[in-house]
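Now for the letters of each chain:
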Amino acid sequence: MTFLTPFYLIVIAVVVGFILTMSLISRYKRCPSDKVLVVYGNTGGSSAKCIHGGGAFIWPVIQDYAYLSLIPISIEANLTNALSRQNIRVDVPCRFTVGISTESDSMNNAAERLLGLSSDQIQELARDILFGQLRLVIATMSIEEINSDRDKFLDNISKNVEAELKKIGLKLINVNVTDIKDESGYIEALGKEAAAKAINEAKVSVAEQDKIGEIGKAEAVRDTRIKTSEANAIAVKGENWAKIEIANSDALRREKEAEALKIATTAEKVQQARALQESYAAEQLAEQARAARERSTQQANIIVPEEIEKQRRIIEAQAEAEKIRENAKGQADAIYAKMEAEAKGLYEILTKQAEGYEMMVKAAGGDPKSAYQLLLIEKLPDLVKTQVEAIKNIKIDKITVWDGNHGKDGNTSTAGFISGLMKSVPPLNDLFNLAGMNLPEYLGKKQANHRESTEGSVEGEEQG
């Protein structure tokens, strides 16, 4: 029994050590080549640690791990009604191939934003980014650039898309753009124009080659005729009969050659006429396409800005009307405040006058008539001054007498004129009588005497 106890202890220790070793070994995770190992938890300050290739030991409890797949994702982005730089809407069917990047910064972005998402979720997120950047690229390019310069188009897409995809840890692998269409038929018109141009150039080339062939044939015939004539001339020098036969044969040959040349020339003219007719038809179609393009361009360059300018003027007019209404409301408030202040001031003046009149009536022993007379006596100097001012500034430079010095009551017309002028001024006593008051007796008599003495002095001066 004593011999077996240490043996069991050793076995137990070996078993425990083996279990601990296997546990530690199982915590070491290797990263496959088509995945990114993301270690998260306590990673030394960063949110996660990304590993591509190799492996890492995952501490129990304080750390955990997950994988991000590097398998490319194919995204179909069939963009429709995208507005180009010429304000023409186009349909651009595209297929993008993206995948998680293995760059250090991009892997960290992918670990922070894509870890735990399914492939469909990642595809949907990337599609939104691709649609937005694709619209932005199309808005900066013309239809001709998009349709003909595909390298520039794809390069612009790559530059814009890669920068945005990198923010979520993705990388653009490939872009495939299929047939581009527009709702106005502009691209189709460009294709027809290019086809017509190619056809015309081919027809011109064929006509040129036919012309070269005919010229070569004519030159060969000419050389043949020259050589034949020289040989015949040498051969017939001693043989007149042979010369006659050769001449007849030569005439017949020339006749046949002329007929053949006539047929060839006619066929050539017919072919040239047909080529010109087809060329004119193709040019007519090209001009019609160009006219349609010009109309679209004019509409985009003139009508659309005019509509925008019209809306801007309407908005400015509405703003100006609102400004005028606010100004009018402010002016109305100011006028109301001014009138209210004037009314309050007038109310205060009338109130103070009423209080003064009330005190004056009390001072006159409660008799309103006596108080009224006191007020009128205060104004007596002003009334007298007014009477004097009425005739003070009258200047008489010349008086013409028409009645032969026979005035009424023995007075001259001049004296009567002056007397009437003085009488036109209301006497002070009459003013008081109209007001329901009586002047003191000595003031009334004194005024009457003064007026009589004034009239007498005037008459004396006239007689003198």
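Sequence order sets the numbering: in each chain, residues are counted from 1 along the sequence as written. Per-residue local features of the predicted model are confined to residues with pLDDT of at least 70, and side-chain atom pairs are confined, for both listing and counting, to 80 or more; whole-chain, interface and lining totals are unaffected and use all residues. For the side-chain quantities, the full set of heavy atoms in the structure was used; hydrogens and water were omitted.

Novice: What's the story with the overall build of the chain in this structure? I'm lost.
Specialist: Helix and strand labels come from DSSP, where a helix needs a run of H or I of at least four residues and a strand needs a run of E of at least two; each type is numbered from the N terminus. Along the backbone of the chain there are twelve helices and nine strands. Per-residue accessibility, obtained with a 1.4 Å probe over protein chains only, is compared with the maximum for each type, and a residue is labelled buried under 20%, exposed over 50%, and partly exposed between these values. Counting only residues that meet the buried cut, the chain has 21% of its 464 residues in that class. Residue contacts follow a heavy-atom distance rule, with two residues in contact if any of their heavy atoms lie within 4.5 Å. Intrachain contacts of the chain at a sequence separation of at least 6 include 68% that bridge at least 24 residues. The Shrake-Rupley method, run with a 1.4 Å probe sphere, supplies the accessible areas, and residue values consider only the shown protein chains as cover. Carbon and sulfur atoms make up 58% of the accessible area of the chain, which totals about 32500 Å².

Novice: Honestly, the sheet that holds strand β2 (residues 35–41) in this entry has me stumped. Any pointers?
Specialist: Where strands meet in a sheet, backbone hydrogen bonds hold them as pairs that are either parallel or antiparallel. In this analysis, strands are considered paired if DSSP registers two or more bridges between them. With respect to topology, three strands assemble into an open sheet ordered β3-β2-β5, the strand pairing being antiparallel. This sheet does not close on itself; its edge strands, each paired only once, are β3 (48–51) and β5 (63–69). Each adjacent strand pair in this sheet contributes to an overall mean axis angle of 25°, direction not counted. Sheet topology places β2 next to β3; four bridges connect them, and they run antiparallel. Here an axis means a line fitted to C-alpha atoms, over the contact stretch when the element is a helix, while the angle between two N-to-C directions is reported on a 0 to 180 degree scale.

Novice: Sorry if this is basic, but what is going on with the pattern of salt bridges here?
Specialist: As a working rule, side chains carrying opposite charge can pair if their charged atoms are close by. Put simply, a salt bridge is a Lys or Arg side-chain nitrogen that is within 4 Å of an Asp or Glu carboxyl oxygen. According to the stated counting rule, one finds 16 salt bridges in the structure shown. Measuring nitrogen to oxygen at the nearest pair gives 2.0 Å for the salt bridge that ties D250 to R253. One end of the pair is D250 and the other is R253, both in helix α7 (residues 240–363) and three residues apart, which spans about a single turn. Residues E309 and R312 are paired through a salt bridge, measuring 2.0 Å at the closest nitrogen-oxygen approach. Highlighted residues: E309 and R312, both in helix α7, separated by three residues, approximately one helical turn. On the basis of relative accessible area, E309 is assigned to the partly exposed category, the value being 22%.

Novice: Sorry, what's going on with a nonpolar patch on the surface here?
Specialist: A grouping of F7, Y8, V11, I12, V15, V16, F18, I19, L20, M22 and I25 is seen on the molecular surface, where their side chains present a nonpolar patch of about 1100 Å² in accessible area. As for its placement among the helices and strands, I25 is situated in helix α1 (residues 4–26). Distance thresholds for patches are 9 Å for like charges and 5 Å for nonpolar side chains (Val, Leu, Ile, Met, Phe, Trp, Tyr), applied to residues having over 30% relative accessible area and no salt bridge.

Novice: Would you mind going over the packing of aromatic side chains with me for this structure?
Specialist: Where two aromatic rings form a pair, the distance of their centres and the angle of their planes describe that pair. Classification of ring pairs rests on two measures: the distance between centres of Phe, Tyr or Trp rings, Trp counted by its six-membered ring, which must be within 6.5 Å, and the angle between planes, read as stacked under 30 degrees, edge-to-face over 60 and tilted in between. On inspection of all chains with the given rule, the structure shows one aromatic pair. Between the aromatic rings of Y65 and Y67, the centroid separation amounts to 5.8 Å while the plane-to-plane angle is 80°, which identifies the pairing as edge-to-face.

Novice: Any chance you could explain the nonpolar core here in plain terms?
Specialist: Nonpolar side chains in soluble globular proteins tend to be buried together. By size, the foremost hydrophobic cluster in this structure holds 42 residues, and its most contacted members are F96, I138, F153 and L165. Of the residues forming this core, the biggest block, seven residues, is contributed by helix α3 (residues 119–139). We define a nonpolar core as any set of buried Ala, Val, Leu, Ile, Met, Phe, Trp, Tyr and Cys residues linked to one another through side-chain atoms lying within 4.5 Å.

Novice: I'm lost on α3 in this one. Help?
Specialist: Residues three or four positions apart in an α-helix share a direction because the helix packs 3.6 residues into each turn. Between its first and last C-alpha atoms α3 spans 30 Å; for 21 residues at 1.5 Å apiece the expected length is 30 Å, and the two agree. On its buried side, α3 packs onto β6 (73–83), β7 (89–100), α4 (143–148), α5 (150–166) and β8 (170–177). By this rule, a helix spans an expected 1.5 Å times one less than how many residues it contains.

Novice: Sorry if this is basic, but what is going on with helix α2 (residues 104–113) here?
Specialist: All of the buried residues in α2 are S106, M107, N109, A110 and A111. For α2, the secondary structure elements touched by its buried residues are β2, β3, β5, β7 and α5.

Novice: Any chance you could explain the state of the cysteines here in plain terms?
Specialist: When the sulfur atoms of two cysteines share a covalent bond, that bond is a disulfide. By disulfide we mean two sulfur atoms from cysteines, separated by a distance within 2.5 Å. Here the structure, examined in full by the defined rule, presents zero disulfides. Between C50, a free cysteine, and C31, which holds the nearest cysteine sulfur, the sulfur-to-sulfur gap is 9.7 Å. Overall, the relative accessible area of 16% leaves C50 in the buried class.

Novice: When you look at the packing of α3 against α5 in this model, what are you seeing that I'm missing?
Specialist: Angle between the axes and distance between the axes are the two parameters that describe a pair of packed helices. Running from N to C, α3 and α5 point in directions that differ by 140°, and their axes come no closer than 9 Å. Put simply, α3 runs oblique to α5. Considering the relative orientation of α3 and α5, their crossing is right-handed. Residues A126, I129, L130, Q133, L134, L136, V137 and I138 of α3 pack against F153, N156, I157, N160, V161, E164 and L165 of α5. We call Asp, Glu, Lys and Arg charged. Ala, Val, Leu, Ile, Met, Phe, Trp, Tyr, Cys and Pro are nonpolar, and the rest, Gly among them, are polar. For the contact of α3 with α5, the residue count by class is eleven nonpolar, three polar and one charged. Angle categories are assigned with fixed cut-offs, so that under 35 degrees is roughly parallel, over 145 is roughly antiparallel, 65 to 115 is roughly perpendicular, and the rest are oblique. The hand of a helix crossing depends on one turn: near helix anticlockwise from the far one by less than a right angle means left-handed, and clockwise means right-handed.

Novice: Would you mind showing me how to read the confidence of the model for the chain here?
Specialist: Detailed reading of the predicted model is not advised wherever pLDDT is low. Here the chain shows a mean pLDDT of 76. Residues at 70 or above account for 75%. For every residue, the predictor reports its confidence as pLDDT, a number between 0 and 100. Taken element by element, the chain is modelled with least confidence in helix α12 (residues 441–463), mean pLDDT 45, and with most confidence in α3, mean pLDDT 87. Note that pLDDT drops below 50 for residues 442–464; the model gives that stretch 14 contacts with residues more than four away or on any other chain.

Novice: Whenever I open this one, the pairing of β6 confuses me. Can you help?
Specialist: Pairing geometry for β6 and β7, over nine bridges, is antiparallel. Counted as the bridge partner of A82 is V90 from β7. Linking β6 to β7, which pair antiparallel, is a turn of five residues; within it N87 sits at a positive phi near 60°.

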